[in-house]
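# Notes for the structure review
Each chain, written out:
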Amino acid sequence: MNRPARRRLTAAALTVVAVTTSATACSSGGSGTSTKAEDGGTYTIWDPYPQFDKSSEWAKLLDSCGTEAGVKIKRTAFDTSDLTNKVLLAAQQGNSADVLIVDNPVVSTLAEGGVLTSTDDSKLDVSKVSPNLLAAGQVGEKTYGTPIGANTLALYYNKAVLKEAGVDIASVKDWPSLTAALAKVKAAGKKGITFSAVGTEEGSFQFLPWFWGSGARLTALDSDQAVSALSLWKGWLDKGYAPNSVINNTQTTSWAEFATGDYAFSENGTWQLANAEKAGFEYGVIPVPGASGGNAAAPTGGEFVTMPVQDDSGRYATSQKIVACLTSADNLLKTDTTLSYVAPTTEVQGKQIAANAELKPWVDAVQAAKGRTSDDLGTKYPKISEQLWKAVQSALSGSASPKDALGSAQSAVK
């Protein structure tokens, strides 16, 4: 642990650093890249929340946790797309932040690059964190950090559209019953379901509940279960239950379609709750159903609070205090309300539901959710995901059958 961090990067991580050109950031005070030797009483925190300035509740929480630990906080906020490269570059230079908050799929990349301390080294207590959420930060037998909260996908539904079509939402429990509901909606002159199948990570993210809901695994993209999931989506397009626009839809444009009030269902996330309240029609939420019933595992979004490797390991004790403060039960409740996240512990989830009963289906969805890098996929996930979204695009556009598209995807991964 005392080896300089700049020497710990793997070849794969160095490749990412080599292609880094620039990174933009906003800071709540001064430069976020100055060396820590200048002020041992100041601890640096990097996060992906540039929407929150120094007057925000989030920035105030960081400062208060610093005060509780007896130090000052220097916070820098980066766009998510910039943060990973910035972290890798800082590690190469031996100038990592003391506390790093990063999108959960990135944790395995940074861990395998030797950038992060494990909880064995950092002494972070993760015993109360739900195992399915913690798994996104696990590589091999070790855990790297702790989730600050989670979001995931579920199905929003328009109550008026379903009522007009004679659909009881309680009847929607599996794929056949959902498809039957879509048929009724179309017969009633309305539109069925909208989602994002765009050729990016967003497309894979939205397809994963159906992929996992079929019983498929990311290590076998061409399994019969996987083919059934892609065939479900393709069948919806062929029958007019879903629009052809899903091929190019992002989660934002997909939501815009649902917000017209013409669609029965929309697959989207907790981040649309505020927009749902403004939609002008009554809505409800159910978890994505599995093929044969139950809740499908949807992918987890949200960030992990981690502690990067430092040249001076004596800083870990104070960093641990800061992280423990940020992820305490009381602070998680405040933070996850601000971020529209479901808390990572059942204790705080219960408090969230008590404060807002409408969060119950989201808590259910998060409890069934799964990290994209779980199953010890680690840095293999990005390549798998790319082939998955390419297969979805190929099948939905009609250029290949679901079976052939996924067969090609599996061959490319190998």
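Residues numbered from 1 in each chain as written. Predicted model: local features only at pLDDT ≥ 70, side-chain atom pairs only at ≥ 80, totals over all residues. Heavy atoms only, no water.

### Some words on the overall build of the chain
Regarding its fold elements, the chain presents 18 helices and 12 strands. Relative to the globule expectation of 22 Å for 414 residues, the C-alpha radius of gyration of the chain, 22 Å, shows essentially globular dimensions. Overall, the chain is about 70 × 50 × 35 Å in size when its C-alpha atoms are taken along their principal axes. Expressed as a percentage of its 414 residues, the buried residues of the chain come to 56%. Within the chain, counting contacts between residues at least 6 apart in sequence, those at least 24 apart form 77% of the total. If you sum the accessible surface of the chain, you get close to 16,700 Å²; carbon and sulfur atoms cover 50% of it. (Helix = DSSP H or I, 4+ residues; strand = E, 2+ residues; numbered from the N terminus. Rg over C-alpha atoms; globule rule 2.2 N^0.38 Å. Buried < 20%, exposed > 50% of the residue type's maximum accessible area, 1.4 Å probe, protein only. Contact = heavy atoms within 4.5 Å. Areas by Shrake-Rupley, 256 points an atom, 1.4 Å probe, with all protein chains shown as cover.)

### Regarding the confidence of the model for the chain
Confidence in the prediction of the chain, expressed as mean pLDDT, is 89, and 90% of residues score 70 or more. Here residues 1-35 scores under 50 on pLDDT; set against residues more than four positions off or in separate chains, the count is 66 contacts. (pLDDT = per-residue confidence, 0-100.)

### Notes on the packing of helix 10 (residues 224-238) against helix 18 (residues 402-413)
Two measures define how a pair of helices packs: the angle their axes make with one another and the distance between the axes. Between helix 10 and helix 18, whose axes approach to 9 Å, the crossing angle comes to 130 degrees. Considering the angle they form, helix 10 stands oblique to helix 18. Pair helix 10 / helix 18 crosses with right-handed handedness. Taken together, the residues of helix 18 that come into contact with helix 10 (itself represented by Ala226, Val227, Leu230, Ser231 and Lys234) are Pro402, Lys403 and Leu406. The residue makeup of the contact of helix 10 with helix 18, split by class, is five nonpolar, one polar and two charged. (Axes fitted to C-alpha atoms, helices over the stretch in contact; angles between N-to-C directions. Parallel < 35°, antiparallel > 145°, perpendicular 65-115°, else oblique. Left-handed = near helix turned anticlockwise from the far one by under 90°. Nonpolar A, V, L, I, M, F, W, Y, C, P; charged D, E, K, R; others polar.)

### Some details on the packing of helix 2 (residues 57-69) against helix 13 (residues 316-326)
Orientation of helix 2 relative to helix 13, taken along the N-to-C sense of each, is 135 degrees, at an axis distance of 9 Å. In terms of axis orientation, helix 2 runs oblique to helix 13. Remark: the crossing between helix 2 and helix 13 carries right-handed chirality. Residues Leu61, Leu62, Cys65, Glu68 and Ala69 of helix 2 form the contact with helix 13, whose own contacting residues are Thr318, Lys321, Ile322, Cys325 and Leu326.

### Some words on helix 8 (residues 175-187)
Its 13 residues give helix 8 an end-to-end C-alpha distance of 18 Å, which sits within 8% of 18 Å, the value for a rise of 1.5 Å per residue. Along helix 8, the residues classified as buried are Trp175, Ser177, Leu178, Thr179, Ala181, Leu182 and Val185. Those residues of helix 8 that are buried are in contact with strand 8 (153-158), helix 7 (159-165), strand 9 (191-194), helix 9 (201-213), helix 10 and strand 10 (263-269). (Expected span 1.5 Å × (residues − 1).)

### A short note on the pairing of strand 2 (residues 42-47)
Within strand 2, six of the six residues are buried, leaving the element largely enclosed by the surrounding structure. Side-chain alternation along strand 2 places Thr42, Thr44 and Trp46 on one buried face and Tyr43, Ile45 and Asp47 on a second face that is also buried. Pairing analysis gives six bridges linking strand 2 to strand 3 (residues 72-78), with the strands arranged parallel. Its bridge partner being in strand 3, Trp46 is matched across the sheet by Thr76. Tracing the backbone out of strand 2, into helix 2 and back to the parallel element strand 3 gives a crossover that is right-handed. (Pairing = 2+ DSSP bridges. Right-handed = clockwise from strand over helix to strand, strands pointing away.)

### With respect to the pattern of salt bridges
Counted under the stated rule, the structure contains eight salt bridges. When the shortest N-O distance is used, the salt bridge between Asp47 and Arg75 registers 2.7 Å. Of this pair, Asp47 sits in strand 2 while Arg75 sits in strand 3, and the two are 28 residues apart along the sequence. In this structure, Lys60 and Glu57 form a salt bridge, with 3.8 Å as the shortest nitrogen-oxygen distance. Within this pair, Lys60 and its partner Glu57 are both found in helix 2, separated by three residues, close to a single helical turn. (Salt bridge = Lys/Arg side-chain N within 4 Å of Asp/Glu carboxyl O.)

### A closer look at the packing of aromatic side chains
Within a pair of aromatic rings, the relevant descriptors are the distance that separates the centres and the angle that separates the planes. Scanning all chains against the criterion turns up 16 aromatic pairs. Measuring from centroid to centroid gives 5.5 Å for Tyr156 and Trp362, while their planes differ by 55 degrees, and the two rings are tilted. Pair noted here: Tyr156 is in strand 8 and Trp362 is in helix 16 (residues 360-367), with a separation of 206 residues, a long-range link. Both residues of the pair, Tyr156 and Trp362, belong to the buried class. With a centroid separation of 6.4 Å and 55 degrees between ring planes, the pair formed by Phe195 and Trp236 is classed as tilted. One end of the pair, Phe195, is in the loop between strand 9 and helix 9; the other, Trp236, is in helix 10, with 41 residues separating them in the sequence. The burial state of Phe195 is the same as that of Trp236; both residues are buried. Aromatic ring contacts, followed pair by pair, group Trp175, Phe195, Phe207, Trp210, Phe211, Trp233 and Trp236 into a single cluster. Its end group placed over the ring of Tyr43, Arg315 keeps NZ or CZ at 4.0 Å from the ring centre. (Phe/Tyr/Trp six-rings, centres within 6.5 Å; stacked < 30°, edge-to-face > 60°. Lys NZ or Arg CZ within 6 Å of the ring centre and 35° of its normal.)

### Some points on unusual backbone geometry
One non-glycine residue, Lys123, adopts positive backbone phi at about 65 degrees. With respect to the secondary-structure elements, Lys123 resides in the loop between helix 5 (119-122) and helix 6 (131-134). Although it is not a glycine, Ser340 sits at a positive phi angle of roughly 60 degrees. Among the structural elements, Ser340 can be located in the loop between helix 14 (329-339) and helix 15 (346-355).

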